[in-house]
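Here is how the chains run, residue by residue.
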Amino acid sequence: MASTSDLKKNLKILVDGDPYTVVEAQFVKPGKGTAFTKCRIKNLITGSVLERTWRSNESIELANTENRKMEFLYSEGEHFVFMDRETYEQFHVEAEVLGDDSRWLIDNLVTDVLFFNEKPVGVEFPTFVEMQIVHCEPGVRGDTATGASKPATLITGATVQVPLFVNEGEWLKIDTRTGEYVERVKK
Amino acid sequence: MLGAPRPGRLVSRQPPLAEDAAGIVTLEHIHDDIQPGDWGWLHTTGEGTSLTAAVQKTAAPFPGEEWRRLHRTDPAGRSRLAALRFRHRIMRRVREFFDTRGYLEVETPLRVPSPGVETHLSALSADDWFLSPSPEFQMKRLLAGGAGSIYQICRAFRRDETGARHNPEFTMLEWYAVGADTTQLRAEVEALITYVQEREDVPSPLPPPPYPRLPMAAAFARFAGVTDMMAPAPVLLAQAGLPVPGDLPDGGLSWEEAFFTVFVERIEPRLCEEGPVFLTQWPAPMASLARLIPENPLVADRFEFFAPAPGGGDLEIANGFGELLDGELQRSRSLEDLAWRRAHGAPEYPLDEKFLQALAEGMPPVSGIALGLDRLVMLWWGADHIRSVLTFAGDEL
């Protein structure tokens, strides 16, 4: 338990059973009366943002959350297996926790895994990942200006739009936030 | 390049050259103990390329953290130092306003034996006394002594009040207009804003006065759909469409807590939609040191001035009272507040007997108001955090 004076940006709290992080906290005390802390909070599992106000005499329940650096090992049915880089402990993360993001999971990728009550509930990917193209139409030399693009299939099965000059077998840098091609990388 | 000492660095001795933020300056003379590469405060006299300079040698790297703290610019390209210069101009105009109106500027002690017993007030202790959360008691003793209309710009201290709009130590402008009622006092707030607006180059985000007066009951009806602001807690919450917390039918909330919950959740976000507003006629239980309105004793002769905040929502700027003159009533209100504090485990502070005595002896009819100067400056400067207009916030000490 914590008090409302602990409500600061990035505090992890429990609201209606879900873990939230405080995005913004503002102390207000209108009319020399009861004090309140008005917050914007973000659900750590769904990402949705809420506004919530607490009276100063209310207590705040802290969420038992932890971020651990984990390496992706392999997938197994409906699960993805990650390993803690410090303790070598292995965890099964359910596919639904990753959703669409599982398409960026390449072997040995290191991610931040969010644990809530000792269970993995979220995986934060690095902003950029590098992946190899396993299939695309042959490249067209010199065409760098038109902005035309073509689909390319990556090693994990993900598809991204790439410029026409890009070739099969090349490595790409991908922005995991948007799923967009950034540039070619030499390997 | 004439002017105040500024950070600079000696580049070479042959001919003496130095550089500062404006670039390379050529100097005809520089003190012998300064070596190329040395940083220092460059104090130049003369003009163009024939400058002479004394350099106050400093440790490198220079300018240091203090310089950067004051000169670092916000997204609008304005520094903290620019904000402090702006603040100085506002303070000077405020003093000028009251001086030209015949007010006496007073300075009352900051360390006092009683911080008052208001229910939601937490005082900072100073030895066996307290740092004053408001100069009200001492200023009223001066009024009882026949000082006439007075004003003060002072520090006020309130414990546990920290945030984007609160600093535990803040600057308050408090004034008392002898013989004036709150209608006249509100007009004086507007006159003050007009006076400063007409003399300050930085445009004010406040439209020119006058501003609307909105009784609290009307605000509850308009913004929260509450028909009776004095209704019990569950009714207030239900009419405002707010959930009742917990398992108890009233959510364990007192009327006052429910009142302020509605205020914070429903009224404040929209109160300043159309600009600044005087929120008048507060419920009688929130009279504090204000009198009740003779024609309607359910409400207090209390008002607050709110203005749109730079980051959205509203900013509470000032709190005014038609002052309570009845010493016995003031004493019984204070005793009630003290009983509340005891029941709620809040620290119990001593009553200010000399203040109560002064009221009992008789204070002239007067209206008084406290205005948060940091907030006014913050609003005008467009800062979304109070620290932007303070020399030092608490975490910078």
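Residues numbered from 1 in each chain as written. Chains lettered and ligands numbered in written order. Predicted model: local features only at pLDDT ≥ 70, side-chain atom pairs only at ≥ 80, totals over all residues. Heavy atoms only, no water.

## Quick word on the domain arrangement of chain A
All names here are of chain A.
Right, on to step 1. Looking at the assigned domains, one finds that chain A contains domain 1 (2-60), domain 2 (65-124) and domain 3 (128-185).
Right, on to step 2. Each of domain 1 and domain 2 has a C-alpha centre, and the two are 28 Å apart.
Right, on to step 3. Interface of domain 1 and domain 2: buried area, both sides summed, is about 410 Å²; carbon and sulfur atoms make up 80% of it.
Right, on to step 4. Taken as a group, Pro-19, Leu-44 and Ile-45 account for 67% of the area that domain 1 buries against domain 2, more than any other trio of residues on that side.
Right, on to step 5. Linking domain 1 with domain 2 are zero salt bridges.
Right, on to step 6. Taken together, the connections running from domain 1 to domain 2 amount to zero residue pairs in polar contact (both at pLDDT 80 or more). (Domains from an automatic or database assignment. Buried area = accessible area lost by both parts, 1.4 Å probe. Salt bridge = Lys/Arg side-chain N within 4 Å of Asp/Glu carboxyl O. Polar contact = N/O pair within 3.5 Å; in protein donor to acceptor, adjacent residues only side chain to side chain.)

## Quick look at the interface of chain B and chain A
Right, on to step 1. Every contact between the two is made by 25 residues of chain B and, on the other side, 14 residues of chain A.
Right, on to step 2. Both faces considered, chain B and chain A share a buried interface measuring about 1800 Å² in area, 52% of it formed by carbon and sulfur atoms.
Right, on to step 3. The interface formed by chain B and chain A includes three salt bridges.
Right, on to step 4. Glu-257 of chain B is the salt-bridge partner of Arg-55 of chain A, the closest N and O atoms lying 3.8 Å from each other.
Right, on to step 5. On inspection of chain B and its partner chain A, the count reaches seven residue pairs in polar contact (both at pLDDT 80 or more).
Right, on to step 6. When contributions to the side of chain B that touches chain A are tallied by element, the ones reaching two or more residues are α7 (255-271), β15 (296-308) and β16 (314-322) of chain B.
Right, on to step 7. Among the elements that make up the side of chain B that touches chain A, the one with the highest residue count is α7 of chain B (nine residues).
Right, on to step 8. Tallied by class, residues from the side of chain B that touches chain A come to seven nonpolar, six polar and twelve charged. (Contact = heavy atoms within 4.5 Å. Helix = DSSP H or I, 4+ residues; strand = E, 2+ residues; numbered from the N terminus. Nonpolar A, V, L, I, M, F, W, Y, C, P; charged D, E, K, R; others polar.)

## A few points about the environment of Gln-26 of chain A
Right, on to step 1. Assignment of secondary structure puts Gln-26 of chain A in strand β3 (residues 18-28).
Right, on to step 2. For Gln-26 of chain A, the residues in contact, after removing those within four places along its chain, are Phe-36, Thr-37 and Lys-38 of chain A together with Arg-165 of chain B.

## Examining the packing of aromatic side chains
Right, on to step 1. Enumeration over the complete set of coordinates arrives at 23 aromatic pairs over all chains.
Right, on to step 2. Measuring from ring centre to ring centre gives 5.3 Å for Trp-255 of chain B and Phe-259 of chain B, while their planes differ by 45 degrees; the resulting arrangement is tilted. With Trp-255 of chain B and Phe-259 of chain B both in helix α7 and four residues apart, the pair spans about one turn of that helix. Each member of the pair, Trp-255 of chain B as well as Phe-259 of chain B, carries the same accessibility label: buried.
Right, on to step 3. Measuring from ring centre to ring centre gives 6.2 Å for Phe-263 of chain B and Trp-282 of chain B, while their planes differ by 50 degrees; the resulting arrangement is tilted. Of this pair, Phe-263 of chain B sits in helix α7 while Trp-282 of chain B is found in strand β13 (residues 277-283), placing the two residues 19 residues apart along the sequence.
Right, on to step 4. With a relative accessible area of 0%, Phe-263 of chain B lands in the buried category.
Right, on to step 5. Here a set of aromatic residues connected by ring pairs shows up, and it is made of Phe-220, Trp-255, Phe-259, Phe-260, Phe-263, Trp-282 and Phe-306 of chain B.
Right, on to step 6. The ring of Phe-128 of chain A has Lys-173 of chain A lying over it, and the distance from NZ or CZ to the ring centre is 4.6 Å. (Phe/Tyr/Trp six-rings, centres within 6.5 Å; stacked < 30°, edge-to-face > 60°. Buried < 20%, exposed > 50% of the residue type's maximum accessible area, 1.4 Å probe, protein only. Lys NZ or Arg CZ within 6 Å of the ring centre and 35° of its normal.)

## Some points on the sheet that holds strand β7 (residues 65-76) of chain A
All names here are of chain A.
Right, on to step 1. Pairing is antiparallel in the open sheet, where five strands are placed in the order β9-β8-β7-β10-β11. In this open sheet, the two strands that pair with only one neighbour each are β9 (90-94) and β11 (119-124). Taking each pair of neighbouring strands and ignoring which way they run, the sheet shows an average axis angle of 45 degrees.
Right, on to step 2. Bridge analysis of β7 against strand β10 (residues 110-116) gives seven bridges, and the strand direction is antiparallel. Paired with Arg-68 across the two strands is Val-113, which belongs to β10. (Pairing = 2+ DSSP bridges. Axes fitted to C-alpha atoms, helices over the stretch in contact; angles between N-to-C directions.)

## Side note on the pattern of salt bridges
All names here are of chain B.
Right, on to step 1. This structure, assessed with the given rule, holds 37 salt bridges over all chains.
Right, on to step 2. Glu-136 is the partner of Lys-140 in a salt bridge, and the nearest nitrogen-oxygen pair spans 2.8 Å. Note that Lys-140 and Glu-136 are positioned in helix α3 (residues 136-144) at a spacing of four residues, about one turn of the helix. The pair formed by Lys-140 and Glu-136 is uniform in burial state, with each residue classed as buried.
Right, on to step 3. As a salt-bridge pair, Glu-273 and Arg-270 come within 3.0 Å of each other at their nearest N and O atoms.
Right, on to step 4. Look at the salt bridges and you will find they share partners, linking Glu-66, Arg-69, Arg-80, Arg-387, Asp-395 and Glu-396 into a network.

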